[in-house]
Amino acid sequence: MTDELGDVVAQLKSVLVDYGRTADPDRLDEAVSFSDRVTQDPGFSDLHPEEIAATWSLGGAARIYRSRLTDHPRDPDDAIAWCRRALDAAPDDDPNRPSYASNLATILAERYDNDKNQPDLDEALALFEWAVPAIRAAGRQASVALHNQGQALTELYNISHDLAVLDRAIEVLREAVADTAQPRSVAGGYLTSLAHALRARAEA
C-alpha cells in the first residue's frame, strides 16, 4: 500500500469524479474503503501536510455523499470526524483550508437536520462566517458555501424567530442565486431555498 501513497489524492478524486458521473454507490464504497486503507498505512504521516489534509477531506466527502443515501447510519458522524481531521491537518496557508471548514460546516448542519442538536448548528454557522469570506478572498467560487450558510441561517431563524437572522439568510441566499455559473438544476435548488426564506419573511 505504501507505494500507492504518492498519488492517493489523485486516486480518491478520480473515484469521486466517477461517482459524480455515474451515481454508482459502489464508487462511494470504494472511496471509503480506499481512504481507510490509506490513512491506516504507516507511511501516511510522511506525506506533505497538504496531501494529508486533502486525503482526510476526500474521505470525508465520500462519507458525506454516502450519508445522503441513508444506507450507512454512521456516515454522518464519521464524515464530521474526517472533515475535522482535514481542517486540523491543513496548514494555515493551505488555500483549501476554507473549503475544508465549509465542508465541515455543511455536514454539521445536515446532522442538525436529523438530530436537532443545536450545538451542531451553532458550530456550523461559526465555521461558515469564517469560511465563506476566506473562499472568496482566495478567488474561488463561494455559491455552494453561501447556499449552505443561508439554509443554516434559516434553520436558526426557525429556532429563534429573530427577523435579523432571517434577513441575513435572505441576503446570503440572494448572493448564492446571483452566481450565474451554476448549472440550472443547482440554481433551481438555490431559488427554492430563497423562496422558502422569503415566504417565512412574508408570514412574519
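This text follows the structure it describes.
Residues numbered from 1 in each chain as written. Predicted model: local features only at pLDDT ≥ 70, side-chain atom pairs only at ≥ 80, totals over all residues. Heavy atoms only, no water.

Some details on the overall build of the chain
Filter applied, for reference: Counting from the N terminus, the helices are DSSP H or I runs at least four residues long and the strands are E runs at least two residues long. Radius of gyration: over C-alpha atoms. The globule rule applied is 2.2 Å multiplied by the number of residues raised to the 0.38 power. When checking whether two residues touch, look at their non-hydrogen atoms; a contact exists if any pair is within 4.5 Å.
Across its full length, the chain holds nine helices and zero strands. Along the chain, helices (α) and strands (β) appear in the sequence α-α-α-α-α-α-α-α-α when read from the amino end. Its C-alpha atoms give the chain a radius of gyration of 18 Å, near enough to 17 Å, the size a compact globule of 204 residues would have. A principal-axis box enclosing the C-alpha atoms of the chain has dimensions of 60 × 35 × 35 Å. Residue pairs in contact within the chain that sit at least 24 positions apart in sequence constitute 60% of those at least 6 positions apart.

Observations regarding the environment of Val-9
In this structure, Val-9 sits in helix H1 (residues 8–22). When the C-alpha positions of Val-9 and Ile-52 are compared, they lie 8.7 Å apart, and in sequence the two are 43 residues distant. Ignoring anything within four residues of it in the chain, the contact list for Val-9 reads Glu-51, Ala-54, Thr-55 and Leu-58.

Some remarks on the packing of aromatic side chains
Just so we agree on the cut-off: Classification of ring pairs rests on two measures: the distance between centres of Phe, Tyr or Trp rings, Trp counted by its six-membered ring, which must be within 6.5 Å, and the angle between planes, read as stacked under 30 degrees, edge-to-face over 60 and tilted in between. Any residue under 20% of the maximum accessible area for its type is buried, any over 50% is exposed, and the rest in between are partly exposed; the area is computed with a 1.4 Å probe on protein chains only.
Enumeration over the complete set of coordinates arrives at three aromatic pairs. On the numbers, 5.9 Å between centres and 25 degrees between planes, the contact of Tyr-19 with Tyr-65 is stacked. Of this pair, Tyr-19 sits in helix H1 while Tyr-65 is found in helix H3 (residues 49–67), placing the two residues 46 residues apart along the sequence. For Tyr-65, a relative accessible area of 33% translates into the label partly exposed. An angle of 90 degrees between the planes, with centres 5.6 Å apart, marks the rings of Phe-44 and Trp-56 as edge-to-face. Taken together, the residues Phe-44 in the loop between helix H2 (25–40) and H3 and Trp-56 in helix H3 connect sequence positions 12 residues apart. Among the residues examined, Trp-56 registers a relative accessible area of 14% and is labelled buried.

Focus: the layout of surface pockets
Vacant regions in the atomic arrangement are exposed by a probe of water-molecule size rolled over the atoms. Put simply, the test is: Only protein atoms enter the calculation, which uses a 1 Å grid: trapped sets of points that fit a 1.4 Å probe without letting it out are cavities, open sets showing protein on both sides within 12 Å along at least five of seven lines are pockets, and any residue with an atom within 4 Å of a point is a lining residue. Grid points are joined across faces, edges and corners, and a volume is the space filled by probe spheres set on the points.
Here the largest pocket defines a volume of roughly 1100 Å³. What lines the largest pocket is a set of 39 residues, and nearest its centre among them are Arg-68, Asn-103, Thr-106, Val-144 and Asn-148. Among the elements of the structure, H1, H3, helix H5 (97–115), helix H6 (118–137), helix H7 (143–160) and helix H9 (184–203) are those that each provide at least two residues to the lining of the largest pocket.

Description of unusual backbone geometry
In this structure, Lys-116 is a non-glycine residue whose phi angle is positive, near 55 degrees. Of note in the backbone geometry, His-161 takes a positive phi value of approximately 55 degrees without being a glycine. Here His-161 lies in the loop between H7 and helix H8 (163–177). We classify His-161 as exposed; its relative accessible area is 56%.

Let's talk about the side chain of Gln-149
Positionally, Gln-149 belongs in helix H7. Here Gln-149 falls in the buried class, since its relative accessible area comes to 2%. Discounting residues that sit within four places of it in the chain, Gln-149 has contacts with Leu-125, Phe-128, Glu-129, Val-132, Arg-168 and Val-172.

Side note on the pattern of salt bridges
Defined as follows: What makes a salt bridge here is a side-chain nitrogen of Lys or Arg within 4 Å of a carboxyl oxygen of Asp or Glu, nothing more.
Tallying each qualifying case throughout the model produces 16 salt bridges. Note that Arg-66 is salt-bridged to Asp-75, the shortest N-O span being 2.7 Å. Overall, the relative accessible area of 2% leaves Asp-75 in the buried class. Arg-136 serves as the salt-bridge partner of Glu-175, at 2.3 Å between the closest nitrogen and oxygen. With Glu-175 in helix H8 and Arg-136 in helix H6, this residue pair connects regions lying 39 residues apart in the sequence. Relative accessible area serves as the criterion here: at 26%, Glu-175 is assigned to the partly exposed category. Judged by its relative accessible area of 43%, Arg-136 is partly exposed. One continuous salt-bridge network, built from bridges that share partners, spans Asp-18, Arg-21, Arg-27 and Glu-30.

Structural notes on the environment of Ala-152
Its location among the elements puts Ala-152 in helix H7. The class of Ala-152 is buried, set by a relative accessible area of 2%. Distance from Ala-152 to Leu-108, taken between C-alpha atoms, is 9.7 Å for residues 44 residues apart in sequence. With residues up to four places along the chain from it excluded, the contact list for Ala-152 reads Leu-121, Leu-125 and Phe-128.

Geometric values such as these leave the question of function open.
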